[in-house]
Amino acid sequence: MAEELAKTSHCGRHHVGCVIVRDGKVLVSGVNGQVEGASDCAAIGGCLREINHIPSGTAAGFCNAVCAETRCVCEAARDGIALSGATVYCTHKPCIICMKNLAVVGVDTIYYKKGYPDRYSDAIAQYAGLKVVQVG
């Protein structure tokens, strides 16, 4: 499901999908992309990360898009859905910002398919006691 969702992302760099599940029930899902109502990168002259030569896995906050995992956490909060004890399935390993958000809301396990070169997210996961598993 996360991989199918990722196909709907409008990000020019990464197409990321995320699904958060508990007890076999999907609680929330989402993709990376612009904040609702904001212009996408093409409309503002290109990706800020590419224009400024920022390598993948660094300066996670320097982007016009919202990560799929953070979008899920925010939507769950908006809708009053508790994520404690949930399992996360995503197409890419969460960045440090997303890893912190997922730790704060109390998810237990994160499964991801593609690596992401953010060693600091690994440290956050370890400190928070999150089980993080690369699959496929």
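To start, this report covers the structure provided alongside it. (Residues numbered from 1 in each chain as written. Predicted model: local features only at pLDDT ≥ 70, side-chain atom pairs only at ≥ 80, totals over all residues. Heavy atoms only, no water.)

1. Details of unusual backbone geometry
Part 1: Located in the positive-phi region is Asp-23, a residue other than glycine, with phi close to 55 degrees.
Part 2: You will see that His-53, though not glycine, has its phi angle at about 55 degrees, which is positive.
Part 3: One can find His-53 in the loop between α2 (48-51) and β4 (65-66). (Helix = DSSP H or I, 4+ residues; strand = E, 2+ residues; numbered from the N terminus.)

2. Notes on the environment of Tyr-120
Part 1: Take Tyr-120: it is sitting in helix α5 (residues 119-128).
Part 2: Take Tyr-120: its relative accessible area is 47%, and that puts it in the partly exposed class.
Part 3: As for Tyr-120 and Met-99, which are separated by 21 residues in sequence, their C-alpha atoms are 9.2 Å apart. (Buried < 20%, exposed > 50% of the residue type's maximum accessible area, 1.4 Å probe, protein only.)

3. Quick look at α5
Part 1: Looking at α5, one finds that the buried residues are Ser-121, Ile-124 and Ala-125. Take α5 and look down its axis: the buried residues cluster within an arc of 100 degrees, on one side only. Residues Arg-119, Gln-126 and Tyr-127 are exposed on α5 and point more than 90 degrees away from its buried face.
Part 2: As for α5, its buried residues are in contact with α4 (96-105) and β7 (131-134).
Part 3: Positive phi appears at Gly-129, one or two residues downstream of α5, with a value of about 75 degrees. (Arc of directions from axis to C-beta. Contact = heavy atoms within 4.5 Å.)

4. Description of the pattern of salt bridges
Part 1: Overall, the coordinates contain 4 salt bridges when judged by the stated rule.
Part 2: With a closest N to O distance of 2.7 Å, Glu-3 and Lys-113 form a salt bridge. Of this pair, Glu-3 sits in helix α1 (residues 2-6) while Lys-113 sits in strand β6 (residues 109-114); the two residues are 110 residues apart in sequence, bridging distant segments of the chain.
Part 3: The exposure class of Lys-113 is partly exposed, given its relative accessible area of 35%.
Part 4: With a closest N to O distance of 3.1 Å, Arg-78 and Asp-79 form a salt bridge.
Part 5: The class of Arg-78 is exposed, set by a relative accessible area of 59%. (Salt bridge = Lys/Arg side-chain N within 4 Å of Asp/Glu carboxyl O.)

5. Topic: the side chain of Gln-34
Part 1: Relative to the helices and strands, Gln-34 resides in strand β3 (residues 33-34).
Part 2: Excluding residues that lie within four positions of it along the chain, Gln-34 makes contacts with Ser-39, Asp-40, Cys-41, Asn-64, Ala-65 and Arg-71.

6. Remarks on the state of the cysteines
Two cysteines whose sulfur atoms are joined by a covalent bond form what is called a disulfide.
Part 1: This structure, assessed with the given rule, holds 0 disulfides.
Part 2: With no disulfide of its own, Cys-74 lies closest to Cys-98 among cysteine sulfurs, the gap being 9.2 Å.
Part 3: Residue Cys-74 is classed as partly exposed on the basis of its relative accessible area, which comes to 48%.
Part 4: No disulfide involves Cys-98; its nearest neighbouring cysteine sulfur is the one of Cys-67, lying 3.7 Å away. (Disulfide = S-S within 2.5 Å.)

7. A word on the packing of α4 against α5
Part 1: Look at α4 against α5: their axes get within 8 Å of each other, and the N-to-C directions meet at 15 degrees. What the angle tells us is that α4 and α5 run roughly parallel. Both α4 and α5 take part in a crossing whose hand is right-handed. Residues Ile-96, Met-99, Lys-100 and Ala-103 of α4 form the contact with α5, whose participating residues are Tyr-120, Ser-121, Ile-124, Ala-125 and Ala-128. (Axes fitted to C-alpha atoms, helices over the stretch in contact; angles between N-to-C directions. Parallel < 35°, antiparallel > 145°, perpendicular 65-115°, else oblique. Left-handed = near helix turned anticlockwise from the far one by under 90°.)

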